[in-house]
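# Report on the structure
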Number of protein chains: 10
Amino acid sequence: MIDKVTMTEQIIAAKLEKGLTWEKIGKDLGMSPVWLTSACLGMNSAPAEKAEAITEYLGLGTEVCTALKAYPTKIWDQAVPTDPLVYRLYEVVGVYGETLKEVIQEKFGDGIMSAIDFSMEVDKIEDPKGDRVLLTLNGKFLPYKSW
Amino acid sequence: MIDKVTMTEQIIAAKLEKGLTWEKIGKDLGMSPVWLTSACLGMNSAPAEKAEAITEYLGLGTEVCTALKAYPTKIWDQAVPTDPLVYRLYEVVGVYGETLKEVIQEKFGDGIMSAIDFSMEVDKIEDPKGDRVLLTLNGKFLPYKSW
Amino acid sequence: MIDKVTMTEQIIAAKLEKGLTWEKIGKDLGMSPVWLTSACLGMNSAPAEKAEAITEYLGLGTEVCTALKAYPTKIWDQAVPTDPLVYRLYEVVGVYGETLKEVIQEKFGDGIMSAIDFSMEVDKIEDPKGDRVLLTLNGKFLPYKSW
Amino acid sequence: MIDKVTMTEQIIAAKLEKGLTWEKIGKDLGMSPVWLTSACLGMNSAPAEKAEAITEYLGLGTEVCTALKAYPTKIWDQAVPTDPLVYRLYEVVGVYGETLKEVIQEKFGDGIMSAIDFSMEVDKIEDPKGDRVLLTLNGKFLPYKSW
Amino acid sequence: MIDKVTMTEQIIAAKLEKGLTWEKIGKDLGMSPVWLTSACLGMNSAPAEKAEAITEYLGLGTEVCTALKAYPTKIWDQAVPTDPLVYRLYEVVGVYGETLKEVIQEKFGDGIMSAIDFSMEVDKIEDPKGDRVLLTLNGKFLPYKSW
Amino acid sequence: MIDKVTMTEQIIAAKLEKGLTWEKIGKDLGMSPVWLTSACLGMNSAPAEKAEAITEYLGLGTEVCTALKAYPTKIWDQAVPTDPLVYRLYEVVGVYGETLKEVIQEKFGDGIMSAIDFSMEVDKIEDPKGDRVLLTLNGKFLPYKSW
Amino acid sequence: MIDKVTMTEQIIAAKLEKGLTWEKIGKDLGMSPVWLTSACLGMNSAPAEKAEAITEYLGLGTEVCTALKAYPTKIWDQAVPTDPLVYRLYEVVGVYGETLKEVIQEKFGDGIMSAIDFSMEVDKIEDPKGDRVLLTLNGKFLPYKSW
Amino acid sequence: MIDKVTMTEQIIAAKLEKGLTWEKIGKDLGMSPVWLTSACLGMNSAPAEKAEAITEYLGLGTEVCTALKAYPTKIWDQAVPTDPLVYRLYEVVGVYGETLKEVIQEKFGDGIMSAIDFSMEVDKIEDPKGDRVLLTLNGKFLPYKSW
Amino acid sequence: MIDKVTMTEQIIAAKLEKGLTWEKIGKDLGMSPVWLTSACLGMNSAPAEKAEAITEYLGLGTEVCTALKAYPTKIWDQAVPTDPLVYRLYEVVGVYGETLKEVIQEKFGDGIMSAIDFSMEVDKIEDPKGDRVLLTLNGKFLPYKSW
Amino acid sequence: MIDKVTMTEQIIAAKLEKGLTWEKIGKDLGMSPVWLTSACLGMNSAPAEKAEAITEYLGLGTEVCTALKAYPTKIWDQAVPTDPLVYRLYEVVGVYGETLKEVIQEKFGDGIMSAIDFSMEVDKIEDPKGDRVLLTLNGKFLPYKSW
């Protein structure tokens, strides 16, 4: 059995060799590129049929398929990320966290947006003054309960 | 001159007394509720005409207007936020940060999504299985340059 | 309007003066003592009818009622708690966290136990060799989704 | 002599090969699945007869038996865990820690719930609106003493 | 009702005014000076009869008595203490922690020394080459249990 | 030349093979088991004659003897230890640190208990209600000086 | 494919063997020595033509060229750097950060200096009292926007 | 005597009342606006004649003058700054620190750029594609010495 | 009774009013200026006769005298100091710590330099190329003991 | 080319084999033992002639000579050192940092003691009551400048 790190290495190598993009793999397999990437980087488990589709598409063995299905332990090392792309997202949480709490709870009541029953997309908006990144986060609202 | 904390207290008090929501204030003034809330919580400065519109709408004095226009120092105390609503956003950055880097840089090249030339919206999707929160982040792509 | 800290002080004072326990208040009002305590300490918001019942029972004013209904920002200062009673719970998470992940995910699939759609009870088991504390945590299982 | 990490690898490999679950092993051997998993992950030592039973059941050698009996040094690396399943438990300690202190000490007097003279179970409550996880923690109450 | 900080201030003031030492108070009241000091500094609760004896001895009011009986939340701010006297004790734990684990568990089996069912004394050994401090820690051994 | 880690491994292996305990080695060689264990775990250097006695007793080579004599750099990785046995000692320092400062300085004047000119013993007190661990710390008092 | 660490090792080895300096390579290839060094140390990606020019100049293979073009994940381990040269820069940010915010925002309005659309140069000013280092940072001003 | 915080408040108030900028004050008094701001924010002491000139120019009393001359203790609370303008500077140190060490030490030998014998300027470069901030840091090179 | 902070304020005020320096006070009273300053800043207790001499010299009351004699709890907030003068000392410990351990233990055997039985002086060496600071630390060597 | 770690290993091995001390090597080569040790432990670079003298004296190859000349990146892992000898120095900085700032700046004006233009010596003072360690730090005073 191989672990998630080896799985990712084999997937990245196959992807490079075949000249593929996450976008194209996702489109061809009917999966969101964000979710597909997350599963291939080892941060989400893939349901059996999706794991098989990915493995077959990339021409990889059953070990990769098994590793894709495994439930990952989600670990990140940097409480405050240093890579500028990731830090900017962290900064958005720091600057707008209290604001989002105000606006979401005004609209929905006391509760949170789930990060488990959750999906996310990345889109590109072309703009002559500079293209724009559009991130869409979609999470189920979970109300607090009293008992 | 009053500081941002006092400004926020006066705005919240006026909003409560008039029975307003961020949603309604934003709609009536033609401003995004997210941006409006952020400015009123003191995490963004307001351009003069917007600061005046907000102050007048809420029936507050010029001190609040001046405070809304002031450039804030953006500080947050918790490197890892504890409030569950804000933590879930932090968790999204931790779990999906590397994934977003892969997908964005595949689409745009080496660079980042700006958190300054940036806007964000919150929407509610009604769903019989449980309503969903839709967060949309829109930031300019900034390519790295060589020199 | 009073904040949650002042609310808690007034509730504790009234509780002491009347010689009440969380147990008794909860029983008389048909609320779980754990939830009741959490709301009175300011870590959960109370639905309107419960806030009114608590306030009336303790003979407190509408300000306390309003504060009980407010949505709290949940903050704790100590990443690692020092009080021995709370530390032992933290230690349980440290020692058994990986074990619980194994056992829960074996039983339920990839996902988590919600801390939002969640309740908890404390019971006392009398035992001649030393009484025992029984904590029961009851949370909805939330499966990860692919998209 | 093998260390606990190698022991766990051999146990997990044997368990996979035989298609077993912690649930089934625990049931067949008359041990709680939570305790069994904890011992097999190396966070608790096993009494001699239990270590032998586990080793024999899985068809493993005496080195694994010896390693199961060894007294572990309990170490966890993340003061604040990142895996969402474990974080939710940490969040429960953060949100409800003070509440549990109030309720337990009201019921038992000044003291703590032991994490040493302690057991824990995981149950599944089937529910058409979504199954629920039931965690039961059972620890001896230890009163503070004066001297 | 006064809090533990105010209680400590009143006790220290009365002790100074009467020219007492912890040693003498403890001896006169039949309490260990270490436990007595800990209760008076607010880190342990006092049983009713001891709280009354201390209060009466020092000529203080019922508020101090009530505060002595309250169950404290034990908090320390410095994960690594800076005061040299306290740091040396921390250093002993760092240097000899693994050693004590070896020696205690060899003598007693897998388990810990309780810090709750626990007492401690300080003695002075006069020595012409320099007096020595003798600290005696006495804690119940708690064995781990399997289940 | 071997380092302290290899030294410890060879000593532990010889001790296991011969079925010895720290207690017995210490008794046979006229050394305190605590000090002996500390030297064998690499946290203290051994004087030449003691290093030779230990090495000969265990039937080990001169490399181990040389390593026992080397002056160690004392490093511990966890500012707050996680193993429950060691954490309880850390908790004692946190809970009783200020108390010990009061009591020691009342008895001795302004100064500290040395952790260098220092010894420690572990004893077992048998008790039908549960055996007790007795730790005795003995350190020279060092007064602060003015100049 | 080689990673950035191996790439840097090969570049440093070739640079040493040929007796080159960053200054000379930069001058010969028409690139800023600072940017060139940053790309060769793996903290910036190189556009294709620059990657090829560097590789060819140093007589290295296509693997180095590919690695130079790869988009790096920018990670630094020390939140507070210890090397004195780097610490002094960190100190400048600590001492003058608030000052720079005042002066830049007075000149440009509310916004920031980009660290992405950014370049930097190092110059030497000879001085009989001691040569001086001149660092020039040049970043695009990005104004905050309202929406 | 007033402390630096009060001094800064009085200076900022006088500056606002007179409608001045740091730029203008600096120009009129022949001082760099960066240094002037730093002294007025309390992070540098002012030589007597400069302190007097600033105080007189702003029409403030001798207490402000005395406070400007006092030697400050330079403290910053955030090891990693959160304000985006200051964070970008921190990011530059993180991303380019090792690069600057390479380039500076290649040019000057083993040593550092002083942050004490140091000056800094801020300039604005107008640019139709977006104005640019130019920061110039000028520090004496200090070579390491052997002895 | 006044605390050490108030004591320091009164001493600093008297020192300023009388136009004294630590140097002069120390010389006149026959005390080292370093020790004197440390006692007046509240980081060391003063023996009775020295406390009285200082108080009388400065014309202060018995409360200051009592506060000077009190045994301080030595606390510093910044694990890594930010003030440049203090940071440089911290840097010396970081850069040369291992070196000093080698050199001291080569000269003295296994042990440490006491920071309690300790004194320190500051001298000025005039030098046309720039004056030099001479710090002299004098601490008793404490050998480790075996037992 | 060998790195500094390998260099140190070879130097230590040669030193042991020849039965040398830092003291003797320094004396024979006319270098301070502290500086020599620091260079051999890899925390300072050696000028060419010194690097050659050291290498020749120890009978080592040119690779060691090259490594001695390389400019090190000075890194230490422990913000708060744990080894007692090094911790005591850290404690001196914590306890006396503010005092040294007062005394040095009183003598020299606003500025710092350089840790770059710096030297240090270790001496032994024999004393029948216990030998003493004398550390002498000698650093250039660097005045802050205004501009």
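Residues numbered from 1 in each chain as written. Chains lettered and ligands numbered in written order. Predicted model: local features only at pLDDT ≥ 70, side-chain atom pairs only at ≥ 80, totals over all residues. Heavy atoms only, no water.

For chain A, the name recorded in an unreviewed UniProt entry is Cyanate hydratase, with Thalassolituus oleivorans MIL-1 as its organism. Recorded under Function (unreviewed entry), the UniProt text for chain A is reproduced unchanged: "Catalyzes the reaction of cyanate with bicarbonate to produce ammonia and carbon dioxide." Under the Sequence similarities (unreviewed entry) heading, UniProt states for chain A: "Belongs to the cyanase family." (UniProt positions renumbered as here; feature names shortened; annotations may be inferred.)

### Some points on the interface of chain J and chain I
In this assembly, 68 residues from chain J lie in contact with 68 residues from chain I. Taken together, both faces of the contact between chain J and chain I bury some 6,800 Å²; the carbon and sulfur share is 67%. Put simply, chain J and chain I have 6 salt bridges between them. Between Glu 23 of chain J and Lys 107 of chain I there is a salt bridge, with its nearest N and O atoms 2.8 Å apart. (Contact = heavy atoms within 4.5 Å. Buried area = accessible area lost by both parts, 1.4 Å probe. Salt bridge = Lys/Arg side-chain N within 4 Å of Asp/Glu carboxyl O.)

### Focus: the pairing of strand S2 (residues 132-143) of chain F
Burial analysis of S2 of chain F places 11 of its 12 residues in the buried class, the great majority of the element. Relative to S2 of chain F, strand S2 (residues 132-143) of chain E is paired through 9 bridges, and the arrangement is antiparallel. Note that in S2 of chain F the partner of Arg 132 of chain E across the bridge is Lys 140 of chain F. Hairpin connection between strand S1 (residues 111-125) of chain F and S2 of chain F: a loop of 6 residues separates the two successive antiparallel strands, and Gly 130 of chain F in this loop has a positive phi of roughly 130°. (Buried < 20%, exposed > 50% of the residue type's maximum accessible area, 1.4 Å probe, protein only. Helix = DSSP H or I, 4+ residues; strand = E, 2+ residues; numbered from the N terminus. Pairing = 2+ DSSP bridges.)

### Focus on the UniProt feature "active site" (unreviewed entry) in chain A
Under the UniProt annotation, the feature "active site" (unreviewed entry) is placed at Arg 88, Glu 91 and Ser 114 of chain A. Within the secondary structure, Arg 88 of chain A is located in helix H6 (residues 84-108). If sequence neighbours within four positions are ignored, Arg 88 of chain A has contacts with Ile 112, Met 113 and Ala 115 of chain B, Ile 116 of chain G together with Tyr 87, Arg 88 and Glu 91 of chain H. Taking relative accessible area as the criterion, Ser 114 of chain A reaches 1% and is therefore assigned buried. Ignoring any residue separated from it by four or fewer positions in sequence, one finds Ser 114 of chain A in contact with Gly 139, Lys 140 and Leu 142 of chain A together with Leu 142 of chain C. A distance of 3.0 Å separates a polar side-chain atom of Ser 114 of chain A from the backbone nitrogen of Ile 116 of chain A. (Polar contact = N/O pair within 3.5 Å; in protein donor to acceptor, adjacent residues only side chain to side chain.)

### Examining the relation of the copies chain C and chain F
For these two chains of identical sequence, chain C goes onto chain F by a turn of 180° and a shift of 0.0 Å along the axis, with RMSD 0.0 Å. Overall, the copies show the geometry of a two-fold rotation axis. (Least-squares fit on C-alpha atoms with pLDDT ≥ 70 in both.)

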